[in-house]
Amino acid sequence: MKPQAKQPPEAAHHISCGKALREQALGRAGALDLASPELVAQIAAEIQAHCGHRLLKCRRIATGWTVVQAVAAAHQLVATDGLPRVSLSERSWKQWEAGLLPNADYQDLLCRLFATNPVALGFARDYSTEPRTDQDDPLWSDSGPDGTLPSGAEAEETGGLDSTEVRATKRRHAVKLAGLALAAPTAAAEILQQAAGEALEFTRQAEATSLGSGTLDHLDLAVAAFNRAYSLKPPKDVFDAVMDYRRKVDTLLKGRHTHRQQRELLAFAGWLSELLAWLAHDLGDARTGLAFATDAFVHGQQAGHGQLCAWSMDAAASINLYENRPAKARDAAMKGLLEAPADHPLTVRLHAQAARASAADGDDDGFTIAYHAAENAYQLLPARAPRRFGMDVLPLADYALTSYPATSYIWLGQAENARRHAAQALAVYESAPVASRSPSREAIARIDLALAHALLGDPDDAVTLGHQALDSARVVDSVRARAGDLTALLARRYPRHAAVDGLRDHLSATDGPTPLPDTSEGEAP
């Protein structure tokens, strides 16, 4: 029978609460990342006291790792330090965090990983007894909990009294509380009545907010409406409206609100920035698009919203790919995979993004590995697909497994594979409900199919498909870029084909990207 660790009470708080505590602690310390094991230990202690998780989980959250990242770090430590190989898996780690006690070898590995001891990770107890002094207890100490002298409100409260009087005052308050059980009934009632009044004030402060009662509901409806409008309205019009709301949310974040409201506002800010990243990409401004993708990722981290972080990296991967930076596109996809749920269509999409980036880099083996990972992830999807702001996201996975490889096979020179996948992509789009149709993605699938026909020696069908793509209701910058690839290929391979000039003229007649407003000044984040 495997040894079982003692089961503490069930954690009261979601993991996002611990992540938020970590970010707050980093902000107080002025650190962009954890500076020392001591700071990690301090943050872990705060998370354990506030959220009730087991110590191992608290230490992982304090370090800023997901379970996947923690397991990867442990394997890297084994390789770097030449330790005996281990078969550590995500399942084992989760069992340890749930209370199963690791064996001695794994306890040693985990202590090395977090630069600490078994007691600090909850694997053992410290039975040493040391005399307690006034200096050890913040109740009796003259200094604050961080070792500094009282300041601000506390300093004003003491009225400049010397340390002896401050200590005596604190001691009297403590003795008064400790003697409550021995006090006369009348005195005890007065103390409890005063405490009840203070509890009411604590609650009022916790619920104090400057937000209107319907503000968060309104934002939820607005973000959903913007996501529905994305594929249906001109990008410039949607960009302006979303940017206006992004500024409003930024203003709300600077006001007074509860901790729960803060997390929701951070998430709304992130979702709006994620949509702005795509809109900027559609308008041909990669720099702005990547800036908003980064902003979405950071706000997702602050909100403890891993799925939002993953969606933002999906946008960053596409933008980098169209900017001919396949290595950065793949990095963004892998960063998103660390945050995406394993059984979500977004995971399929991110693996396919990594495959497409490898193909753009001419890495046939890398494409094959990543594409197979996307196919395997697709098999793990649940029977009922999740929704994003009321919209089914399963078509995004279907698209990723057909259109992304079509583009990839074009870049890898495998025309027949490209033709087959592009035809499948078109079938997926044409069978989708009207509300889920994406004219721009459908246009790109037609261009991929046209490129495949051109490579297979059929310029007439290629030109016809090119015209159909450019007749799309939403010819954004990515569609124009791919259409430019098509006309360039046709011009090289079929220089005397008259229809090629007509397609080039059609492309020239499409509206170019509308410049984005200058957001270098004013309210833009």
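Per chain, residue numbering runs from 1 following the sequence as it is written. Restriction of local features to residues with pLDDT of at least 70 applies here, the model being predicted, together with a cutoff of 80 or more for giving and counting side-chain atom pairs; totals for whole chains, interfaces and linings are based on all residues. Neither water nor hydrogens contribute to the side-chain values; these are computed over all heavy atoms in the structure.

Enquirer: Explanation requested: a negative patch on the surface in the structure shown.
Expert: Taken together, Asp-361, Asp-363, Asp-364 and Asp-365 make up a surface patch of like negative charges. Only DSSP runs of H or I reaching four residues or more are called helices, and only runs of E reaching two or more are called strands; each is numbered from the N terminus. Inspection of the secondary structure assignment puts Asp-364 in helix α17 (residues 364-379). A patch consists of residues whose relative accessible area exceeds 30% and which take part in no salt bridge; residues with like charges are grouped when within 9 Å of each other, and nonpolar side chains (Val, Leu, Ile, Met, Phe, Trp, Tyr) when within 5 Å. Per-residue and other accessible areas were derived by the Shrake-Rupley procedure at a 1.4 Å probe size, with only the shown protein chains allowed to occlude residues. A pair is scored as a salt bridge if a Lys or Arg side-chain nitrogen falls within 4 Å of a carboxyl oxygen belonging to Asp or Glu. Charge counting follows a simple rule: Lys and Arg are positive, Asp and Glu are negative, and His as well as the terminal groups are ignored. By convention, the charge on Lys lies at NZ, on Arg at CZ, on Asp at CG and on Glu at CD.

Enquirer: I tried to follow the packing of aromatic side chains on my own but got confused; where do I start?
Expert: Each aromatic ring pair is characterised by the separation of its centres together with the angle its planes make. Note on ring pairs: Phe, Tyr and Trp rings are taken, using the six-membered ring of Trp, and paired if centres are within 6.5 Å. Classes follow the plane angle, with under 30 degrees stacked, over 60 edge-to-face and the rest tilted. Under the definition given, this model contains 11 aromatic pairs. Considering the side-chain rings of Phe-367 and Tyr-371, the 5.7 Å spacing of their centres and the 5° angle between planes classify their relative orientation as stacked. Residue Phe-367 and its partner Tyr-371 are both found in helix α17; the two are separated by 4 residues, about one turn of the helix. Comparing Phe-367 with Tyr-371, the two get one shared label, buried. An aromatic cluster of three or more residues is present, and its members are Trp-65, Trp-93, Trp-96, Tyr-106 and Phe-114. Either the NZ atom of lysine or the CZ atom of arginine qualifies as a charge over a ring when it sits within 6 Å of the ring centre and within 35 degrees of the ring normal. The cationic tip of Lys-335 hangs over the ring face of Phe-297; the distance from NZ or CZ to the ring centre is 4.2 Å. When the ring centre of Tyr-404 is taken as reference, the NZ or CZ atom of Arg-356 above it lies at 3.8 Å. We call a residue buried when its accessible area falls under 20% of the maximum for its residue type, exposed when it is over 50%, and partly exposed in between, using a 1.4 Å probe and counting protein chains only.

Enquirer: I would appreciate a short explanation of the nonpolar core in the present structure.
Expert: One recurring pattern in soluble globular proteins is that nonpolar side chains are buried together. Within this scheme, the nonpolar core is defined by two criteria: the residues are buried Ala, Val, Leu, Ile, Met, Phe, Trp, Tyr or Cys, and they are joined through side-chain atoms within 4.5 Å. With 104 residues, the main nonpolar core has Phe-239, Val-242 and Leu-490 as its most contacted residues. Here the element with the most residues in this core is helix α12 (residues 259-282); it accounts for 13 residues. Two residues form a contact once any of their heavy atoms are found within 4.5 Å. Beyond its immediate sequence surroundings of up to four residues, Val-242 is in contact with Phe-226, Leu-272, Leu-275, Leu-276 and Leu-279. By size, the runner-up hydrophobic cluster in this structure holds 21 residues, among which are Ala-70, Trp-96, Leu-100 and Phe-114.

Enquirer: Hey, could you run me through the environment of Ala-491 in this one?
Expert: With respect to the helices and strands, Ala-491 occurs in helix α23 (residues 477-493). Taking the C-alpha atoms as reference points, Ala-491 and Asp-501, 10 residues apart in sequence, are found 8.3 Å from one another. In this structure Ala-491 touches Val-500 and Arg-504, once residues within four positions along its chain are discounted.

Enquirer: So what exactly am I meant to see when it comes to helix α24 (residues 498-509) here?
Expert: Helical periodicity: at 3.6 residues per turn, an α-helix aligns residues three or four positions apart in one direction. To estimate the expected span of a helix, count its residues, drop one, and scale the result by 1.5 Å. With 12 residues, α24 should reach 16 Å at 1.5 Å per residue; the first-to-last C-alpha distance of 18 Å fits that figure. Taken as a whole, α24 has its buried residues at Val-500, Leu-503 and Leu-507. End-on view of α24: buried residues confined to an arc of 60°, all on one side of the axis. Opposite its buried face, α24 presents the exposed residues Ala-498, Asp-505, Ser-508 and Ala-509, each directed more than 90 degrees away. Against α22 (459-470) and α23 lie the buried residues of α24. In this description, one arc is meant: the one made by directions from the helix axis to the C-beta atoms.

Enquirer: Can you walk me through the packing of helix α4 (residues 67-81) against helix α6 (residues 104-114) in this structure?
Expert: Two numbers describe a pair of packed helices, the interaxial angle and the distance between the axes. Axes here mean lines fitted to C-alpha atoms, for a helix over just the part in contact, with angles spanning 0 to 180 degrees between N-to-C directions. It is the contact of α4 with α6, at a shortest axis distance of 10 Å, that shows an interaxial angle of 95°. Between α4 and α6, the angle falls in the class roughly perpendicular. Counted together, Ala-70, Ala-73, Ala-74, Leu-77 and Val-78 of α4 and Leu-109, Arg-112 and Leu-113 of α6 form the full contact between these two elements. Residues were grouped as follows: Ala, Val, Leu, Ile, Met, Phe, Trp, Tyr, Cys and Pro as nonpolar; Asp, Glu, Lys and Arg as charged; and all remaining residues, including Gly, as polar. The class makeup of the residues in the contact of α4 with α6 is 7 nonpolar, no polar and 1 charged. Angles are sorted into four bins: roughly parallel if under 35 degrees, roughly antiparallel if over 145, roughly perpendicular if 65 to 115, and oblique for all others.

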